[in-house]
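# Inside the fold
Read off the chains here:
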Number of protein chains: 2
Amino acid sequence: MFKTEPSTDKGEQTRRHIFDCALELFRENGFDATTMQEIALRADVAKSAAYYYFPGKEAIIQAYYEAVQDEQERVCRRIFAGSGNLKARLAAAMHAKFDLAKEDRKLLGVVFRYTGEPEHPLSCLGAGTEEIRRRSIGVFREAIAGERLPKDLDQLLPVALWSLQMGLLILFLYDRSEGQRRTRRLADGALELTLKLLALAKLPVLKPVRTKVLSLLREADLLPEG
Amino acid sequence: MFKTEPSTDKGEQTRRHIFDCALELFRENGFDATTMQEIALRADVAKSAAYYYFPGKEAIIQAYYEAVQDEQERVCRRIFAGSGNLKARLAAAMHAKFDLAKEDRKLLGVVFRYTGEPEHPLSCLGAGTEEIRRRSIGVFREAIAGERLPKDLDQLLPVALWSLQMGLLILFLYDRSEGQRRTRRLADGALELTLKLLALAKLPVLKPVRTKVLSLLREADLLPEG
DNA sequence: CGCAGGATTTGAACATGTTCAAAACTGAGC
DNA sequence: GCTCAGTTTTGAACATGTTCAAATCCTGCG
């Protein structure tokens, strides 16, 4: 993903050490207020060593984002294995990410920095983050696997849920209520609503709406394998 | 909004001149690739003069964003005055912004840079941009004024439409189709759908859904005057 | 051992956003 | 016209992200 991954064990350790020190400092002082000098100082290496392992300061954030994604997948797989109904699985997926992010709201914000800049390697909707996005959507795919859904919804739902999660994550960052319970409740409510709509989507009155939504999204190339 | 506005006529002119030169360069080379030195050079002033008028490079982008908003309001007021039906008015509001942004997709992306950082003065959802956001939502409020809507929808709709617009703007930035027609079609379709749903919202089957949506959003503090 | 070749690490530069104290300018009041 | 207070403008620093060529370290091999 970045340069070449370190090829020796020592290199791997150094990389990890720099990463840990950087996260510590980011958590203490925020991303912008932390200088590469400070990171290097705490990690007891030269400033340029950090650049040997990370292409730039923001790449450290991307590594953090990947770590969060790893963790969410671990947590969710464990929960999904214990079955649970659909709603519980979806809620687990959402809240898992919130739980992981809750101490790092300042950090996570940086992940969204290049949302509007398609070419930027760190754009959270761009090519540089495709892998992580695919995995993130995959969690929802796994959550709804086993449900008997029409094929079109099978494609639509994971992307829709992922979008919902991204939106809620932003709200989460702005939410100053204790433990971000407002966002968490909204997440629960939105999921409940989604499931209700899923049921309603079969009603005849709503058939044209459903068709319309799907064709719109397909035309806009917002669904996998257009 | 920034420091104090320039207080003499000459100052106003200089500010404007620096702003124009900066936009030229941003359009030619993109935001990040343009240095303050270059801006100052083209404007034929000292680098620090730019900092006298703008607190930083990104403040120039915010000024640009404000200029776009001014222009959208002018355009929309003119169109709204010629009445037109609801759908036409909403479409006009959406497309007006697209039209203004279409030559500046690289610039506009920067507006979204601090979306995930509530404290940042340029966060497009934060306190520092409240004024511009209020005006942006206001355009939709004006577009639907004159419709006879239930009071709750009267509050909900402008915010919902504004959110839709923000989301579509991001898609717009990623849309590589000629003239971004994909996004424009999606916008049209989404509006049509919104109006259809508005009509459906009165159906008895959907009453609980509507109530639920509203109470959720209200609880999440996502509606004006809680 | 001693060396070759790669991986790691370094320190010294560089580029550029930002700050600041001082200089230059301007215009109102005398 | 002169003075003075406020505004504008400047050049020189500074802070910090980033680059790079060289030095050092390691490891497998003869």
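Just so it is clear, the model here is predicted, and its values are computed rather than measured. (Residues numbered from 1 in each chain as written. Chains lettered and ligands numbered in written order. Predicted model: local features only at pLDDT ≥ 70, side-chain atom pairs only at ≥ 80, totals over all residues. Heavy atoms only, no water.)

## A look at helix α4 (residues 57–81) of chain B
Here α4 of chain B is 25 residues long and its end C-alpha atoms lie 37 Å apart, about the 36 Å a rise of 1.5 Å per residue gives. The first or second residue beyond α4 of chain B is serine 83 of chain B, which carries a positive phi of 45°. (Helix = DSSP H or I, 4+ residues; strand = E, 2+ residues; numbered from the N terminus. Expected span 1.5 Å × (residues − 1).)

## A look at the pattern of salt bridges
Residues and elements named next belong to chain B. One pass over the structure, following the stated rule, counts 38 salt bridges over all chains. The partner of glutamate 58 in a salt bridge is arginine 113, and the shortest N-O contact between them spans 3.8 Å. Taken as a pair, glutamate 58 in helix α4 and arginine 113 in the loop between α6 (105–111) and α7 (130–144) lie far apart in primary sequence, 55 residues in all. Pair check on accessibility: glutamate 58 and arginine 113 agree, each one buried. (Salt bridge = Lys/Arg side-chain N within 4 Å of Asp/Glu carboxyl O. Buried < 20%, exposed > 50% of the residue type's maximum accessible area, 1.4 Å probe, protein only.)

## Here we look at the side chain of lysine 57 of chain A
All names here are of chain A. Structurally, lysine 57 can be placed in helix α4 (residues 57–81). Put simply, lysine 57 is tucked away with no salt bridge, and the nearest opposite charge, on aspartate 32, sits 4.9 Å away. Within the structure, lysine 57 has its side chain in polar contact with the backbone oxygen of phenylalanine 31 (distance 3.1 Å). At a separation of 2.7 Å, a polar atom in the side chain of lysine 57 contacts the main-chain carbonyl oxygen of threonine 34. (Lys, Arg positive; Asp, Glu negative; His and termini not counted. Polar contact = N/O pair within 3.5 Å; in protein donor to acceptor, adjacent residues only side chain to side chain.)

## Overview of the packing of aromatic side chains
Evaluation of the coordinates by the stated rule reveals eight aromatic pairs over all chains. With a centroid separation of 6.4 Å and 25° between ring planes, the pair formed by phenylalanine 19 of chain A and phenylalanine 54 of chain A is classed as stacked. Of the two residues, phenylalanine 19 of chain A is situated in helix α1 (residues 9–29) and phenylalanine 54 of chain A in the loop between α3 (47–53) and α4; the sequence distance between them amounts to 35 residues. Take phenylalanine 19 of chain A and phenylalanine 54 of chain A: they sit in the same class, and that class is buried. Relative to tyrosine 53 of chain A, the ring of tyrosine 52 of chain A lies with its centre 4.9 Å away and its plane at 90°, an arrangement referred to as edge-to-face. Residue class for tyrosine 52 of chain A comes out exposed when judged on its relative accessible area of 55%. Judged by relative accessible area, tyrosine 53 of chain A falls into the buried class, the value being 12%. In this structure, arginine 105 of chain B packs its charged tip against the face of phenylalanine 172 of chain B, placed 5.9 Å from the ring centre. (Phe/Tyr/Trp six-rings, centres within 6.5 Å; stacked < 30°, edge-to-face > 60°. Lys NZ or Arg CZ within 6 Å of the ring centre and 35° of its normal.)

## Some thoughts on helix α2 (residues 36–43) of chain A
All names here are of chain A. Met36, Ile39, Ala40 and Ala43 are the residues of α2 that are buried. Each buried residue of α2 sits inside an arc of 95° when the element is viewed along its axis, so together they form one side. Check the buried side of α2 and you find it contacts α1, α3 and α4. Just beyond α2, the residue with positive phi is aspartate 44, at close to 60°. (Arc of directions from axis to C-beta. Contact = heavy atoms within 4.5 Å.)

## With respect to the domain arrangement of chain A
Residues and elements named next belong to chain A. Assigned domains within chain A: domain 1 (10–55) and domain 2 (58–177 + 191–220). The distance between the C-alpha centroids of domain 1 and domain 2 comes to 30 Å. Each side of the interface is counted separately: domain 1 has 12 residues, and domain 2 has 11 residues. Of the roughly 1,000 Å² buried between domain 1 and domain 2, counting both surfaces, carbon and sulfur atoms make up 78%. Per-residue buried area on domain 1 facing domain 2 is highest for Phe19, Arg27 and Phe31; these three make up 47% of the total on that side. At the boundary of domain 1 with domain 2, the tally comes to two salt bridges. Of the charged contacts in the structure, one is a salt bridge between aspartate 104 and arginine 27, with a shortest N-O distance of 2.6 Å. Here domain 1 is connected to domain 2 by two residue pairs in polar contact (both at pLDDT 80 or more). (Domains from an automatic or database assignment. Buried area = accessible area lost by both parts, 1.4 Å probe.)

## What to know about the protein's contact with DNA strand D
Around DNA strand D, 21 residues are found, and the nearest of them are Met36 and Tyr51 of chain A together with Ala46, Ser48 and Tyr53 of chain B. Between DNA strand D and the protein, one listed contact pairs a phosphate oxygen with a side-chain N or O atom of tyrosine 51 of chain A at 3.0 Å. For DNA strand D, a base oxygen lies 2.4 Å from a polar atom in the side chain of serine 48 of chain B. At the level of elements, α3 of chain A together with α1 (9–29) and α3 (47–53) of chain B are the ones that each hand at least two residues to the surface near DNA strand D. Broken down by element, the residue count for the surface near DNA strand D peaks at four residues, all from α3 of chain B. A class-by-class count of the residues in the surface near DNA strand D yields eight nonpolar, nine polar and four charged. (Near = heavy atom within 4 Å. Nonpolar A, V, L, I, M, F, W, Y, C, P; charged D, E, K, R; others polar.)

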